[in-house]
Amino acid sequence: MTSNDLTGDARPALRRPGVWGWMAFDFAAQPFFTVVLTFVFGPYFVSQLAPDPATGQAWWSLSATVAGLFVAFGSPFLGAVADRAGPRKPWIGLFAGFKIGALCLLWFSAPGSSLFVATVLVVVATVAAEFSIVFNDAMIPRLLRNDEIGRISNIAWGLGYAGGIVFLIVALAFLAGSKETGLTLLGLPPAFGLDPATGEGARATAPLAALWYLVFILPMFLLTPDRPRGEKVTAAVRQGLGDLKATFREIRQRRPLLQFLIARMIYQDGVNALVVLGGAFAAGMFGWTLTESGLFGIILNVVAIPSCFLAGMLDARLGSKAVVVMAILCLSLATIGIISTSPDSALFGLMTFAPPGEGGGVFASGAEKSYIVFGLLIGLAFGPIQASSRSWMAKSVTAAEAGRYFGFYAFIGRATSFLAPAAVAAATALAAQSFDPITASRIGMASLIVFFVVGLVLVVRTEGPPETSGG
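Just so we're clear, the structure is a prediction, and the values are computed from it rather than from any experiment.

A.B. asks: What should I look at first to understand the overall build of the protein in this one?
C.D. replies: Summing up its helical and strand segments, the protein has 19 helices and 2 strands in all. Each of the 471 residues in the protein was classed as buried or not, and the buried ones make up 55%. The long-range fraction of contacts in the protein, counting pairs at least 24 apart against all pairs at least 6 apart in sequence, stands at 82%. With an accessible surface of roughly 19300 Å², the protein has 69% of that area assigned to carbon and sulfur atoms.

Dropping the structure here:
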């Protein structure tokens, strides 16, 4: 069944209200990941909420690990249940309630309050957010034709980055003040009298992200068509485990899809590690503060928005596989670039730089500027590789089975997510026995190239998804 059969609307995808409603989900969801987990509340959790940075890092890592396990093992089962029960929106609404409630309660995570409670709230919000994505993604095969999926998936991903960057800029410019200076990124006192000493600006981003999510998922609920009701939920739950087992059996018979999922598991591990560790790697090399790290994140997300729109057009013309291949090549070049950079040189010493002068401002050294250029390559690719991977998956399954297969997609994306960071950590620790800390960290990051090369080889050898569908 095509989207035109579903909606009775023969207009192009971008002129259908239901499509815009579906894309609004990404716009609504991204600020939680960009601001709460990555650039504002996460650093506050580690540096101010916890009694010391080591304890904070341990608890924050624990929250990510526990949430990842819940998502990995819960997504396939919930997806199978949703396929039998029918509509996706009730599940998204259920998990939206958990996510919004947990984020609002994070406001009370002041310094000295329970670290355990804050960790539980972060886990609940993360799991709810990830489960909602499974059900939202599962709507794609019923909403769009195969020849529309790649373009729309990339545009939606770009809109998500736009939402994240707007929210991040507002948070850094007006809400989250530095504990040392008491001022925001613009040198202003935090709005509403928020106290940097108690992390009120960072804490405020959680309930504000909840409000943002509540407002901007409404178009999806109001405009986007859903599947008709199927079995009762209780019956669907009873049958869900059997469907899950069947999915594991079926996928072994669908060789191109299985090969793609294995390839994605490998290259996505590299992508996640590069994005998560890239800022920390630079901070350790150049001594970046929260200001420079935040600006680096803004730059990456700003570049990601137009790159997703461009990738959407390429996906429509060349197919999802071509976009994924180009993105892996781009990320490989970016990784080689950043590991070629040292505090006073780039390109493995082919370019050398004088030390920056006094009062040079942010990114003052030539090496930092070179690092930013390589970071732009990351920004160009890390959105399209995820959006076109999603479209590849959506083109490969039917609407009736999309829930359980996108649940499996979430599972396999999480099952080995520890491998790339572990490889970096192990290579860094081994190199540290013979080299200085900066050289050791560069060697450690170089291990990510293995994930991209192996992923690329597997992708090239895998048959791409069907790019068109009949009506």
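Next comes the rest of the description.
A.B. asks: How do you make sense of the packing of helix α8 (residues 146-175) against helix α9 (residues 200-216) when you look at a structure like this?
C.D. replies: For the pair α8 and α9, interaxial distance at closest approach is 11 Å and the crossing angle is 145°. Along this stretch, α8 crosses α9, giving a crossing that reads as right-handed. Facing G163, V166, F167, A171 and L175 of α8, the residues of α9 in contact are G201, T205, L208, A209 and W212.

A.B. asks: Would you mind showing me how to read helix α6 (residues 115-137) here?
C.D. replies: Given a rise of 1.5 Å per residue, 23 residues ought to cover 33 Å, and the 33 Å separating the end C-alpha atoms of α6 matches this to within 8%. Most of α6 is tucked away, with 18 of its 23 residues classed as buried. Its side-chain oxygen 3.3 Å from the backbone nitrogen of F116, S114 forms the N-cap of α6.

A.B. asks: How do you make sense of the nonpolar core when you look at a structure like this?
C.D. replies: Generally speaking, soluble globular proteins have nonpolar side chains that are buried together. One finds V40, L103, Y213, L261 and M393 to be the most contacted residues of the largest nonpolar core, which totals 132 residues. It is helix α12 (residues 255-286) that provides the largest number of residues to this core, a total of 13 residues. Ignoring anything within four residues of it in the chain, the contact list for Y213 reads F25, A28, A29, I92, A96, K99, I100 and S132.

A.B. asks: I'm lost on empty space enclosed by the protein in this one. Help?
C.D. replies: Where empty space is left becomes clear once a probe the size of a water molecule has been rolled over the atoms. Applying the stated criterion across every chain, the model contains 1 cavity of 30 Å³ or more. If you add up the space inside the largest cavity, you get close to 80 Å³. Looking at side-chain class alone, the lining of the largest cavity contains 6 nonpolar, 1 polar and 4 charged residues.

A.B. asks: I keep staring at the packing of helix α2 (residues 17-39) against helix α5 (residues 89-105) and nothing clicks. Help me out?
C.D. replies: Relative orientation and spacing of two packed helices are given, respectively, by the angle between their axes and the distance between those axes. At a minimum axis separation of 13 Å, α2 and α5 run at an interaxial angle of 35°. In this structure, the crossing between α2 and α5 has a hand that is left-handed. In contact with F25, A29, F32 and V36 of α2, α5 contributes I92, K99 and L103. Classifying every residue of the contact of α2 with α5 by side-chain character gives 6 nonpolar, no polar and 1 charged.

A.B. asks: So what exactly am I meant to see when it comes to the packing of aromatic side chains here?
C.D. replies: One pair of aromatic rings is described through two measures. These are the centre distance and the angle between the planes. As enumerated under the stated definition, the model contains 14 aromatic pairs in all. Measuring from centroid to centroid gives 5.3 Å for F27 and W212, while their planes differ by 35°, and the two rings are tilted. You can see F27 sitting in helix α2 and its partner W212 sitting in helix α9, a full 185 residues away along the chain. Between the aromatic rings of F95 and F135, the centroid separation amounts to 6.2 Å while the plane-to-plane angle is 10°, which identifies the pairing as stacked. With F95 in helix α5 and F135 in helix α6, this pair connects stretches of sequence that are 40 residues apart. For the pair formed by F95 and F135, the shared burial category is buried.

A.B. asks: For this particular structure, what's the right way to read the side chain of N136?
C.D. replies: Relative to the helices and strands, N136 is located in helix α6. A residue is classified by how much of its surface remains accessible, and N136, at 0% relative accessible area, is buried. Among all residues touching N136, those that are not within four sequence positions of it are W22, F25, D26, I92 and M220.

A.B. asks: Could you clarify how one ought to interpret α8 in this entry?
C.D. replies: Between the first and last C-alpha of α8 there are 42 Å, a value that for 30 residues agrees with the 44 Å anticipated at 1.5 Å per step. With respect to burial, α8 is a largely interior element, 23 of its 30 residues being buried.

A.B. asks: What's the story with a nonpolar patch on the surface in this structure? I'm lost.
C.D. replies: A contiguous nonpolar patch, built from L94, F98, F116, V117, V120 and V124 and spanning about 510 Å² of accessible area, is present on the exposed surface. Every element with two or more residues in the nonpolar patch is listed here: α5 and α6. The dominant element in the nonpolar patch, judged by the number of residues it contributes, is α6, at 4 residues. Along the chain, L94 falls in helix α5.

A.B. asks: Looking at this structure, how should I read the environment of W212?
C.D. replies: Accessibility expressed as a relative area gives 15% for W212, which makes it buried. The sequence separation of W212 and P31 amounts to 181 residues, and the corresponding C-alpha distance is 8.1 Å. Not counting the four nearest positions on each side in its chain, W212 is found in contact with F27, A28, P31, G163, V166 and F167. A distance of 3.0 Å separates a polar atom in the side chain of W212 from the backbone oxygen of F27.

A.B. asks: What am I meant to see in the pattern of salt bridges here?
C.D. replies: Opposite charge on two side chains permits pairing when their charged atoms draw close. Enumeration according to the criterion identifies 9 salt bridges in this entry. Among the salt bridges present, the one from R145 reaches E148, with a minimum N-O distance of 3.1 Å. Salt-bridge contacts for R404 lead to E401; the nearest nitrogen and oxygen are separated by 4.0 Å. This pair shows no difference in class: R404 is buried, exactly as E401 is.

A.B. asks: What is the right way to look at the side chain of T341 in this model?
C.D. replies: As for its placement among the helices and strands, T341 is situated in the loop between α14 (320-339) and β1 (345-346). On the basis of relative accessible area, T341 is assigned to the buried category, the value being 0%. For T341, the side chain forms a polar contact with the main-chain oxygen of G337, separated by 3.0 Å.

A.B. asks: I keep staring at the confidence of the model for the protein and nothing clicks. Help me out?
C.D. replies: Low-confidence regions, as indicated by low pLDDT, have predicted coordinates that should not be scrutinised in detail. Confidence in the prediction for the protein averages 83 pLDDT; 90% of positions are at 70 or higher. Ranking the helices and strands of the protein by mean pLDDT puts α5 first, with 96, and helix α1 (residues 3-7) last, with 44. Counted against residues more than four places away or in other chains, residues 1-5, with its pLDDT under 50, gives 18 contacts.

Conventions used here
Residues numbered from 1 in each chain as written. Predicted model: local features only at pLDDT ≥ 70, side-chain atom pairs only at ≥ 80, totals over all residues. Heavy atoms only, no water. Helix = DSSP H or I, 4+ residues; strand = E, 2+ residues; numbered from the N terminus. Buried < 20%, exposed > 50% of the residue type's maximum accessible area, 1.4 Å probe, protein only. Contact = heavy atoms within 4.5 Å. Areas by Shrake-Rupley, 256 points an atom, 1.4 Å probe, with all protein chains shown as cover. Axes fitted to C-alpha atoms, helices over the stretch in contact; angles between N-to-C directions. Left-handed = near helix turned anticlockwise from the far one by under 90°. Expected span 1.5 Å × (residues − 1). Polar contact = N/O pair within 3.5 Å; in protein donor to acceptor, adjacent residues only side chain to side chain. Core = buried A, V, L, I, M, F, W, Y, C linked by side-chain atoms within 4.5 Å. 1 Å grid on protein atoms, 1.4 Å probe; cavity = no way out; pocket = protein on both sides within 12 Å on 5 of 7 lines; lining within 4 Å. Points joined across faces, edges and corners; volume = space filled by probe spheres on them. Nonpolar A, V, L, I, M, F, W, Y, C, P; charged D, E, K, R; others polar. Phe/Tyr/Trp six-rings, centres within 6.5 Å; stacked < 30°, edge-to-face > 60°. Patch = residues over 30% accessible without salt bridge, like charges linked within 9 Å, V, L, I, M, F, W, Y side chains within 5 Å. Salt bridge = Lys/Arg side-chain N within 4 Å of Asp/Glu carboxyl O. pLDDT = per-residue confidence, 0-100.

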